[in-house]
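Now for the letters of each chain:
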Amino acid sequence: MASNKPQRAVALLASLLLAGCTVGPDFAPPKPDTPAGWTEDALHPVGKSEQQRSTSTAPIESRWWSSFDDPTFTSLIARATAANLDLRQAALRIAEARAEHDVTAAGLYPSLSGNAGYTRERISEETAFTSLLGSIGGPHTPGSAPAGGVSGAIPSLPNPFDQYQWGFDASWEIDLFGRVRRSVEAANATTKATVEDRNDLLVSLQGDVARYYIDLRAAQLRSSVLEDDLTSQREILDLTRDRARAGIGNDVDVANAAAEVTSTEAQVPQATAQISADINQLSLLLALPPGALHGELETAKPVPPIPPAVPVGLPADLARRRPDIRRAEAQLHAATAQVGVAVADLFPRLTLNADLGVQAERFADLSNWAGRFFSLGPSLEIPIFSGGARRATVALDDEKAEEAALTYASTVLSALHDVENALTAYGTEQSRHSALAATLAQNRTALDLAQQRYESGVAGFLDVLYAERTLQQTELLLTDSTAMQSTDLVALYKALGGGWQTEPGAAENSPSGATPKTD
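Summarised in this report is the structure supplied together with it. (Residues numbered from 1 in each chain as written. Predicted model: local features only at pLDDT ≥ 70, side-chain atom pairs only at ≥ 80, totals over all residues. Heavy atoms only, no water.)

This part takes up the overall build of the protein. Broken down by element type, the protein carries 12 helices and six strands. A separation of at least 24 residues holds for 82% of the contacts in the protein among residues at least 6 apart in sequence. Here the protein has roughly 27,500 Å² of accessible surface; of this, 58% comes from carbon and sulfur atoms. (Helix = DSSP H or I, 4+ residues; strand = E, 2+ residues; numbered from the N terminus. Contact = heavy atoms within 4.5 Å. Areas by Shrake-Rupley, 256 points an atom, 1.4 Å probe, with all protein chains shown as cover.)

Right, dumping it as C-alpha cells:
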C-alpha cells in the first residue's frame, strides 16, 4: 500500500490542476463604431474639382515623410528616432513593464529555496519549559542545575548547545480559480499599452521634427522674400530721390519710400531669429546641444512640397493603426482581466507546502540519516469575512472596466474627428494657396503698372507705395500658405497614426502580427 502513495499524490495533483478554472469576464476585442468612409466635404473641399482631388482611400504609407522627397528631412527623422531622449525613456518603460509581467508570471510556478545555518543557543533555566523538565526528572530548584546542562529527565541536554542545519523550502499555489492567470493576463495587456505609449510618442516625435523642419524652411523663404523686397524697395527709393533732385518728385515721396525700406528691414531680424529657434528645436529633438545643426541647416532650401495625391485609408483601418486607440484597447483588456483577479479572491486558495532538511548538533553529523526532518502538506485559505472588502473590490474593478470601455469609445471618436478636421484643413489650404498664387501674379502686374505710371508722371507715388505693400503682404501670405500646406499634411499623417510601423519590432504589434514578446 505504501508504494501507491506517490501515485495517489500525483493523481490528486493532476485532478486539482485539471479542475482549475478561470473566473471573471473573458476579454473580447471591441468593435469600434466607424463610418464606411470619410465625409465628402473632407475628401472634396470647396473650390477643388473632382480631377483635383488630392486624397484617396488607398492604404497610407508607413514612411510618410518620404512623400516629401527631401533627403535632409528623411535623415532628421531617422536620427531623431534613434537619439531622442523621451523615446529612449519610453523604451525603458517597456522593459520595466515586461519585467513586471515576468514577476507576475512567476506566480504560476512553484517556488523553491535552499537554506543553511548555524546557531549557538542557551535555554533559560527560569522558564516554564525548564521547570517542566525539572519536575519530570525530580525536584528542581532554580539555579541549581549542574554547570553546562539542564537538570531533570534529560540530563544529557547541553546548555548552551550548537545546531547546524541545511534544507529546502517549497511552496506552490494551485491556481484553482485563475487568480494568477488573470494577473498575468492583466500584466501582459499593460505591457502592450506601454508599447503603444512608445508608438504614440514616436508618431508625435516624427510630427514635431516635420513641423519644425517645415517652419525652418518657411522662415528661410520668408527671409529671402524680404531680402528681394528690400532690393526692389531700395531701387524705388533711389528712383524717388532722382526724381526729387530733378524737380519732378518731392520729399514726401522720398520719405514714404524710405519708410517702406526701414519697415521691411525691421522684419528681417524676426525671420532670422525664427530660423535660429527652429534649428535649435530640431537639435533638442535629436538630443544635440544648441547650434549643433546650424552648419547642416543654415543654407536655405525650399519648403518640402506636398505630393500630388495622399492615400488616407478608410475609417475602419484607424483602430488598428493609431497607437492611442491600440493603447486604449490594451488598457480595457487589462481592466477586464483585473475584474477576474478580484472575483478569484472571493474563492479559496490552495497552496502546497514542503519543508525538508537535516539538523545536527555537530557539523560532522549533518550526513547522518537520523538527522533528517520534513514537513509536507497542503494549506487551504478560505475567505469568510472581510467586511465586504472583497466584493467591493469586484464592484470597483467592474466600474474601472466600464470606464476603460468608455475611454476606448471616446478615443475612437476623437480620432475620427482628428482625421476629418485634418482632411478639411489640408484641402482648404490648397484652395487658399491657389487663390493666393493668382493674387500674387495680379499684385506684380499692378506694381509694374504703378511704377510705369509714376515714372511717366501719370500717377502719384501713393499708387506705387500701395501696390508695393500689397505685393509684400501677398508674398508673405503665400509663403505661410506654402508652409501650412505641408504642415497640414503632417498633421493629417499624424491623425492617421502613420510612422511607428517602420520601427524594428513593429511587426509584432501590427494588426496582422503577433503580440509583443513579454517573456
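Below, the discussion takes up the nonpolar core. A general feature of soluble globular proteins is that nonpolar side chains tend to end up buried together. In terms of nonpolar packing, the biggest core is built from 52 residues, with Trp38, Phe73, Val209 and Leu492 touching the most fellow members. For this core, the secondary structure elements donating two or more residues are helix H2 (40–43), helix H3 (71–83), helix H6 (179–245), helix H7 (251–285), helix H9 (315–321), helix H10 (323–344), helix H11 (389–455) and helix H12 (461–496). Element by element, the count of residues in this core is highest for H6, at 10 residues. Beyond its immediate stretch of four places on either side in the chain, Leu492 contacts Val310, Val312, Val419, Ala422, Leu423 and Tyr426. If you look at the next biggest cluster of nonpolar residues, it comprises 21 residues, including Leu440, Ala450, Leu465 and Leu471. (Core = buried A, V, L, I, M, F, W, Y, C linked by side-chain atoms within 4.5 Å. Buried < 20%, exposed > 50% of the residue type's maximum accessible area, 1.4 Å probe, protein only.)

Within the structure shown, the criterion is met by 11 aromatic pairs. Look at Tyr118 and Tyr164: their rings are 4.8 Å apart centre to centre, the planes differ by 35°, and that puts the pair in the tilted class. Taken together, the residues span a long stretch of sequence, with Tyr118 in strand E2 (residues 111–121) and Tyr164 in strand E3 (residues 161–174) at a distance of 46 residues. On the accessibility criterion, Tyr118 (43% relative accessible area) is partly exposed. Owing to a relative accessible area of 21%, Tyr164 belongs among the partly exposed residues under this scheme. (Phe/Tyr/Trp six-rings, centres within 6.5 Å; stacked < 30°, edge-to-face > 60°.)

Once that is clear, we can look at the pairing of strand E5 (residues 349–360). As paired strands, E3 and E5 are joined by 11 bridges and run antiparallel to one another. Across the sheet, residue Ala170 finds its bridge partner in E5, namely Ala354. Pairing of E5 with strand E6 (residues 372–381), which is carried by 10 bridges, proceeds in the antiparallel orientation. Pairing of Thr351 across the sheet is with Ser379, part of E6. (Pairing = 2+ DSSP bridges.)

Attention now goes to the environment of Thr439. Summarising the element assignment, Thr439 is placed in helix H11. With relative accessibility at 34%, the residue Thr439 sits in the partly exposed group. Distance from Thr439 to Thr470, taken between C-alpha atoms, is 9.9 Å for residues 31 residues apart in sequence.

Right, let's get into the sheet that holds E2. Spatial ordering of the open sheet is given by E2-E3-E5-E6, a layout of four strands whose pairing is antiparallel. On the outer flanks of this sheet lie E2 and E6, each paired with one strand and no other. Direction aside, neighbouring strands of the sheet carry axes that sit 20° apart on average. (Axes fitted to C-alpha atoms, helices over the stretch in contact; angles between N-to-C directions.)

At their nearest, the axes of H6 and H10 sit 8 Å apart, and the two run at 165° to each other. Classified by the angle between their axes, H6 and H10 sit roughly antiparallel to one another. When you trace H6 past H10, the crossing you get is left-handed. Each residue belonging to the contact of H6 with H10 can be placed in one class, and the counts come to 10 nonpolar, seven polar and 10 charged. (Parallel < 35°, antiparallel > 145°, perpendicular 65-115°, else oblique. Left-handed = near helix turned anticlockwise from the far one by under 90°. Nonpolar A, V, L, I, M, F, W, Y, C, P; charged D, E, K, R; others polar.)

Every α-helical turn comprises 3.6 residues, leaving residues that sit three or four positions apart pointing alike. Taking 1.5 Å of rise per residue, the 21 residues of helix H4 (residues 85–105) would be expected to cover 30 Å, and the 30 Å separating its terminal C-alpha atoms lies within 8% of that figure. Listing the buried residues of H4 in full gives Leu87, Ala90, Ile94, Ala97, His101 and Ala105. Around the axis of H4, the buried residues are gathered within 75° of arc, so they sit on the same side. The exposed set on the far side of H4, more than 90 degrees from its buried face, consists of Leu92, Glu100 and Val103. Tucked inside the fold, the buried residues of H4 contact H3 and H6. The opening residue of H4 is Asn84, an N-cap whose side-chain oxygen sits 3.1 Å from the backbone nitrogen of Asp86. (Expected span 1.5 Å × (residues − 1). Arc of directions from axis to C-beta. Polar contact = N/O pair within 3.5 Å; in protein donor to acceptor, adjacent residues only side chain to side chain.)

Another aspect to go through is the side chain of Thr479. Tracing the chain through its elements places Thr479 in helix H12. Taking the relative accessible area as the measure of exposure, Thr479 reaches 4% and is therefore buried. Beyond its immediate sequence surroundings of up to four residues, Thr479 is in contact with Ala218, Leu221, Arg222 and Val225.

The terminal C-alpha atoms of H12 lie 52 Å apart, and with 36 residues this matches the ideal 52 Å at 1.5 Å per residue to within 8%. Trailing H12 by a residue or two, Gly497 shows a phi angle of about 80°, which is positive.

Looking at the element boundaries, Asp253 is found in helix H7. Arg243 provides the closest opposite charge to the buried, unpaired Asp253, separated from it by 6.0 Å. Apart from residues no more than four positions distant in its own chain, Asp253 is found in contact with Thr240, Tyr454 and Phe461. (Lys, Arg positive; Asp, Glu negative; His and termini not counted. Salt bridge = Lys/Arg side-chain N within 4 Å of Asp/Glu carboxyl O.)

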